[in-house]
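Here's the letter readout for the chains.
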Amino acid sequence: MRLLTLLVALGALCAPSAYAQNLSINYDRLSSLEEPLAQDVGNVTLTATGLLDAAFNNNLSSGVEDRSDVAFVGNVEVAASTQLPNRWNVQLRYFAQYQSDMTNVLVAGNMPTTDDYIDNVAGIISGAWGSFIGGNTTNLVREDTRRLRGVGNGTLAFDNNLGQMGNWGGGYVGQFGPARLSFVVDVEGDFDVGASWSRPLGTRDWRFTLRYSSGDFAPADGSQSLSSDGVVGVAEFIYGSGLYDFGVGYESLGNDAIDVERWYMSAGARYKYGAWTASIEGHYGEAAGDSEVSAALGVQFDVARGLSLNLGINHADAQIDEQGVILISQDLTQALLSARYSF
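The rules behind each value
Here the residue index of a chain counts from 1 through its sequence in written order. Given that this is a predicted model, residues contribute local features only at a pLDDT of at least 70 and side-chain atom pairs are listed and counted only at 80 or more, while totals for whole chains, interfaces and linings are drawn from all residues. The side-chain numbers reported here are obtained from all heavy atoms of the structure, hydrogens and water having been left aside. Salt bridge, as applied in this entry: a Lys or Arg side-chain nitrogen positioned within 4 Å of an Asp or Glu carboxyl oxygen. Counting from the N terminus, the helices are DSSP H or I runs at least four residues long and the strands are E runs at least two residues long. Any residue under 20% of the maximum accessible area for its type is buried, any over 50% is exposed, and the rest in between are partly exposed; the area is computed with a 1.4 Å probe on protein chains only. For two strands to count as paired, DSSP must find a minimum of two bridges between them. Patch building starts from residues that exceed 30% relative accessible area and form no salt bridge, then joins like charges within 9 Å and nonpolar side chains (Val, Leu, Ile, Met, Phe, Trp, Tyr) within 5 Å. Surface exposure here means Shrake-Rupley accessible area, sampled with a 1.4 Å probe, where a residue is shielded only by the protein chains that are shown. We call two N or O atoms a polar contact when they sit within 3.5 Å, provided that within protein one can donate a hydrogen and the other can accept it, with sequence-adjacent residues counted only if both atoms are side-chain atoms.

Engineer: Whenever I open this one, the pattern of salt bridges confuses me. Can you help?
Structural biologist: Between side chains of opposite charge, a pair can form when the charged atoms approach closely. Counting across every chain of the model gives 14 salt bridges. Glu77 serves as the salt-bridge partner of Arg93, at 3.0 Å between the closest nitrogen and oxygen. Separated by 16 residues along the polypeptide, Arg93 in strand β4 (residues 89–99) and Glu77 in strand β3 (residues 68–83) bring together distant segments of the chain. Per residue, the accessibility class of Arg93 equals that of Glu77, and both read buried. Here Arg207 makes a salt bridge to Glu236, at a shortest N to O gap of 3.3 Å. Of this pair, Arg207 sits in strand β10 (residues 204–217) while Glu236 sits in strand β11 (residues 226–239), and the two are 29 residues apart along the sequence. Each member of the pair, Arg207 as well as Glu236, carries the same accessibility label: buried. Counted as one network, the salt bridges with shared partners bring together Arg147, Asp159, Asp245 and Glu281.

Engineer: Just checking my understanding: could you explain the pairing of strand β9 (residues 191–201) for this structure?
Structural biologist: Across a regular strand the side chains alternate sides, sitting on one face of the sheet and then on the other. In this sheet, β9 lies alongside strand β8 (residues 179–186) in antiparallel orientation, the contact comprising seven bridges. Following the sheet pairing, Arg180 is matched in β9 by Ser196. Turn length for the β8-β9 hairpin, with the two strands adjacent in sequence and antiparallel, is four residues, and the turn residue Gly189 shows positive phi of about 95 degrees. Here ten bridges tie β9 to β10, and the two strands are oriented antiparallel to one another. The partner of Pro200 across the bridge, within β10, is Asp205. Counting the residues in the hairpin turn of β9 and β10 gives two residues, including Gly202, whose phi is positive at 65 degrees.

Engineer: Help me out: how do you make sense of a nonpolar patch on the surface in this one?
Structural biologist: A cluster of nonpolar side chains, namely Phe183, Val193, Leu210, Tyr212, Val231, Phe246, Val248, Tyr250, Trp263 and Met265, defines an oily patch on the protein surface of about 840 Å² accessible area. Mapped onto the nonpolar patch, the elements with two or more residues apiece are β10, β12 (242–254) and β13 (259–273). Here the nonpolar patch gets three residues from one element, more than from any other, and that element is β12. Among the structural elements, Val231 can be located in strand β11.

Engineer: Hey, could you run me through the side chain of Asp119 in this one?
Structural biologist: Mapped onto the elements of the fold, Asp119 is located in strand β5 (residues 117–127). The class of Asp119 is buried, set by a relative accessible area of 6%. Of the polar contacts made by the side chain of Asp119, one reaches the side chain of Tyr94; its length is 2.8 Å.

Following this line, the structure appears as structure tokens:
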């Protein structure tokens, strides 16, 4: 387990402290939708949520010898929280995930997943002024402003800035009526700031987000590091049982030798009918004169509370080269079927 660092800063303005209960440090593609298990121990409330996923993955790409494998994913997020005499809420959260070797499964960023075990830890202090969080928090703004993930095992590649921040940092989240502001900075000084606005208008629920981030990007060939500055905007509306969203992004990548401009757009729709939920997503972008394309189809069937069957058919294709430096190299089509239990 990593050592916990807690970053606490002074803040202002008003935001409900209850929002700290909704902060999660699970930034992976799999998260439980169930209410957490809770138990009071004295003045401390312990909560836990997690899932177990057994998957069969079939690589549909041409020219691949080892086409299929079976994998297991399990994760858990636990929290301990208490309220101080001054009504501040103090919370410690820990997330851990183990995934058996299934190297062809896409993640929602730009690269295949490689780590078998990951964990995040964070501390949160919240009050009438909002919530301050420190630890493994550098995906906080991304999760707060991103397009909604596909259902089942649908996973859309490239739908993010390529530049990423370091693992350790601290940030702030505040809710101001229909608007939410979030900010995080890592130990190297890279930062991520975002804003979202959501409320019903007429017969539709609308949500708009805007995010600016700075970070670093290591190209696929590992030859050098590029700095990254990017902005992403998302528009979303819900009507009846359907949700529809659209995102557009621009990113500037470069160092002393290379200067690359990248733009992209993504769109998706999901619909729920009884125990069935389906989503379809598409992405197109360009960088250095080369294109990046991805698509994802996801289906989920709810068997019982917490238990579901999930299907995903995902495609990603991008070969981006600038002055001999391979920024992205990925060509993968997969079908992923799994049984999942959330608790």
